[in-house]
Amino acid sequence: MFELSSIGLGWGSILMLAMMVALLLTGMQLAFVTGFVALFFTLGWFGPDALPLIASRTYSFVSGYVFLAVPMFVLMASILDRSGIAKDLFNAMRVVGRRVRGGVAVQTLMVAVILASMSGVIGGETVLLGILALPQMLRLGYNRKLAIGTTCAGGALGTMLPPSIVLIIYGMTASVSIGDLFKASFVPALLLASFYVAYVLIRCYLDPSLAPDSVPSDAEEEKEISYMKALFFPLLSVAVVLGSIYSGIASVTEASALGVIGIMASAWIRGELNFSMMRDSAIATMRTCGMIIWIGIGASALVGIYNLMGGIDFVGDVIFSLSGGGALSTLLIMMLILLVLGMFLDWVGVALLTMPIFVPMITELGYDPIWFGVVFCLNMQVSFLSPPFGPAAFYLKSVAPKDISLGEIFSSLLPFIALQICVLSLTIAFPQLAMWWK
């Protein structure tokens, strides 16, 4: 009987990669691709006796206590999507930029930051902004590309701002404190949002035709005040969740449960909580978490088997040889690999497939894995907007006017991708941007 181990680790790695690419091109889901390849190499490399290794590897992933935070934060986002909180927030934030040229775009970015702090996921946030902000900017006469880019890039900020699901999955994979990751990501996330706001304001100042200049009426100002009152409890819930994590009063898992209770109470006070909302929110949560769990199971099995084959050391040797052994050059090669993978794979798959290989290498080079987690999330920010499969663009396309094509969305995102790469470069050059709290 032919054994795969006879072809050697180098050719085995090439065969594994080729099988994954071929199966993905057939349209098979990543979770099943990784699971099938893991099973194939387990049987072909080690034999049937090694099959229990897959079960033990996947069990350790799904049984992690901190993983409970994922469905809690996703449920928060699902309830938020189905309540009127986001709409009131958007209307209330008119007070931020009502007298500034390009104020609605700035307002959209401010709302995006607050929604990201409430949800931690990008899908619902991008759709919400696509429904609330994009039509208004187009109706007011904003430049199409500026309106589209602001809406889509703002919606993707959930990747960086706590309680980011990306940070939680990275923390589980890298075995580092998720609370520390939340602290580390705070400044780079706000820096990125500030770059977006500065870009909008500077462009509108240099070219006033890009956005109208409007001054609100007294009636509009009164409405804004009433909207702000309606947001008191939702914003208080966010403050309690993040405050309890940063202060160390509650763990991330405990804080996520507090967040769900707070958002549910806010919806109840607003008269919006009902069985239909909770049922739809629960179904959406199960779909999202089911996707994450299945990808996690497949990726954990594949990485576990590849590690037993000696693949992690093999990949490390290849990267070190390409970089000449230098710490910075090795890091940049990793960034390039993540950027390319992020264009074609879901971020969950990228994290679970690469971090078990990259984090030990980063630690060996003397870098802090907490800092590297922030760098990884910034990298995923770029992938969310990058063609050909940037998910944020597809989310926006699902609710955008029919005359807006995917090509126009991707072209509108190019300046924002450049800003993301700029913040990524700054965080690499100045690690204290992420490690300020140490």
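Note that the structure is a prediction, hence the values are computed from the model and not measured.

### Re the overall build of the protein chain
- Helices and strands together make up the secondary structure of the protein chain, namely 21 helices and 0 strands.
- In terms of overall dimensions, the protein chain is globule-like: its C-alpha atoms have a radius of gyration of 23 Å, near the 22 Å expected for 438 residues.
- Taking all 438 residues of the protein chain together, 52% fall into the buried category.
- Looking at the protein chain as shown, the accessible area adds up to about 18,300 Å², and 69% of this sits on carbon and sulfur atoms.

### Here's the deal with unusual backbone geometry
- Its identity is not glycine, yet serine 175 carries a phi of approximately 55°, on the positive side.
- Along the chain, the position of serine 175 falls in the loop between α10 (165-174) and α11 (178-206).

### Side note on the confidence of the model for the protein chain
- Model confidence for the protein chain is summarised by a mean pLDDT of 83, while 92% of its residues fall at 70 or above.
- Per-element confidence in the protein chain is highest for helix α21 (residues 406-429), whose mean pLDDT is 93, and lowest for helix α12 (residues 218-230), whose mean pLDDT is 58.

### Side note on the packing of helix α4 (residues 69-82) against helix α15 (residues 275-309)
- The geometry of α4 relative to α15 is characterised by a closest axis approach of 8 Å and an angle of 135° between their N-to-C directions. As summarised for this structure, α4 and α15 are arranged oblique, according to the angle between their axes. By crossing handedness, the relation of α4 to α15 is classed as right-handed. For the pair α4 and α15, the contacting residues are Val70, Pro71, Val74, Leu75, Ser78, Ile79 and Arg82 in the first and Met277, Met278, Asp280, Ser281, Ala282, Ala284, Thr285, Thr288, Cys289 and Ile292 in the second.
- The class makeup of the residues in the contact of α4 with α15 is 11 nonpolar, 4 polar and 2 charged.

### What about the environment of serine 321?
- Here serine 321 shows up in helix α16 (residues 311-323).
- Judged by its relative accessible area of 54%, serine 321 falls in the exposed class.
- In this structure the side chain of serine 321 is engaged in a polar contact, spanning 2.6 Å, whose partner is the backbone oxygen of valine 318.

### As for the packing of aromatic side chains
- Under the criterion given, the structure shown has 7 aromatic pairs.
- Ring centres 6.0 Å apart and planes at 40° place the aromatic pair phenylalanine 32 and tryptophan 294 in the tilted group. Within this pair, whereas phenylalanine 32 is found in helix α2 (residues 30-46), its partner tryptophan 294 is found in helix α15, the two being separated by 262 residues in sequence.
- Owing to a relative accessible area of 46%, phenylalanine 32 belongs among the partly exposed residues under this scheme.
- With centroids separated by 5.3 Å and ring planes inclined at 75°, the aromatic side chains of tyrosine 196 and phenylalanine 416 adopt a geometry described as edge-to-face. Remark: phenylalanine 416 occurs in helix α21 and tyrosine 196 occurs in helix α11; sequence separation between them is 220 residues. The pair formed by tyrosine 196 and phenylalanine 416 is uniform in burial state, with each residue classed as buried.
- Among the aromatic residues, those joined into a ring-pair cluster are Tyr196, Tyr199 and Phe416.

### A closer look at a nonpolar patch on the surface
- A surface patch of nonpolar side chains, amounting to about 710 Å² of accessible area, comprises Phe232, Phe233, Leu236, Val240, Leu258, Trp268 and Ile269.
- Those elements giving two or more residues to the nonpolar patch turn out to be α13 (232-247) and α14 (252-269).
- Of all the elements, α13 adds the most residues to the nonpolar patch, at 4 residues.
- One can find phenylalanine 233 in helix α13.
- Assessed through its relative accessible area of 39%, phenylalanine 233 is described here as partly exposed.

### Topic: the pattern of salt bridges
- According to the stated counting rule, one finds 4 salt bridges in the structure shown.
- Two residues, glutamate 408 and arginine 144, come together in a salt bridge whose shortest N-O distance is 2.9 Å. On the criterion of sequence distance, the pair formed by glutamate 408 in helix α21 and arginine 144 in helix α9 (residues 144-155) is long-range, its members being 264 residues apart.
- A residue is classified by how much of its surface remains accessible, and glutamate 408, at 17% relative accessible area, is buried.
- For arginine 144, a relative accessible area of 30% puts it in the partly exposed group.
- Among the ionic pairs, aspartate 280 bridges to arginine 279, the shortest N-O distance being 3.3 Å.
- Accessibility expressed as a relative area gives 29% for aspartate 280, which makes it partly exposed.
- Since its relative accessible area comes to 40%, arginine 279 is described here as partly exposed.

### Notes on the state of the cysteines
- Counted under the stated rule, the structure contains 0 disulfides.
- Cysteine 152 supplies the cysteine sulfur nearest to cysteine 204, a cysteine that is in no disulfide, at a spacing of 18 Å.
- As a non-bridged cysteine, cysteine 289 has cysteine 377 as the owner of its nearest cysteine sulfur, 17 Å distant.

### Observations concerning the side chain of threonine 285
- In this fold, threonine 285 is placed in helix α15.
- For threonine 285, the side chain forms a polar contact with the side chain of serine 78, separated by 3.4 Å.
- If sequence neighbours within four positions are ignored, threonine 285 has contacts with Pro71, Val74, Leu75 and Ser78.

### Digging into the packing of α4 against helix α7 (residues 103-119)
- One can describe the packing of α4 onto α7 by two numbers: an axis separation of 8 Å at closest approach and a directional angle of 130°. Of the possible angle classes, the one that applies to α4 and α7 is oblique. On α7, the residues touching Phe73, Met76, Ala77 and Leu80 of α4 are Leu115, Met118 and Ser119.
- Its residues placed into classes, the contact of α4 with α7 shows 6 nonpolar, 1 polar and no charged.

### Some remarks on the environment of glycine 103
- Relative to the elements of secondary structure, glycine 103 occurs in helix α7.
- Here the alpha-carbon distance between glycine 103 and leucine 201, two residues 98 residues apart in the chain, equals 8.4 Å.

Thresholds applied
- Residues numbered from 1 in each chain as written.
- Predicted model: local features only at pLDDT ≥ 70, side-chain atom pairs only at ≥ 80, totals over all residues.
- Heavy atoms only, no water.
- Helix = DSSP H or I, 4+ residues; strand = E, 2+ residues; numbered from the N terminus.
- Rg over C-alpha atoms; globule rule 2.2 N^0.38 Å.
- Buried < 20%, exposed > 50% of the residue type's maximum accessible area, 1.4 Å probe, protein only.
- Areas by Shrake-Rupley, 256 points an atom, 1.4 Å probe, with all protein chains shown as cover.
- pLDDT = per-residue confidence, 0-100.
- Axes fitted to C-alpha atoms, helices over the stretch in contact; angles between N-to-C directions.
- Parallel < 35°, antiparallel > 145°, perpendicular 65-115°, else oblique.
- Left-handed = near helix turned anticlockwise from the far one by under 90°.
- Contact = heavy atoms within 4.5 Å.
- Nonpolar A, V, L, I, M, F, W, Y, C, P; charged D, E, K, R; others polar.
- Polar contact = N/O pair within 3.5 Å; in protein donor to acceptor, adjacent residues only side chain to side chain.
- Phe/Tyr/Trp six-rings, centres within 6.5 Å; stacked < 30°, edge-to-face > 60°.
- Patch = residues over 30% accessible without salt bridge, like charges linked within 9 Å, V, L, I, M, F, W, Y side chains within 5 Å.
- Salt bridge = Lys/Arg side-chain N within 4 Å of Asp/Glu carboxyl O.
- Disulfide = S-S within 2.5 Å.

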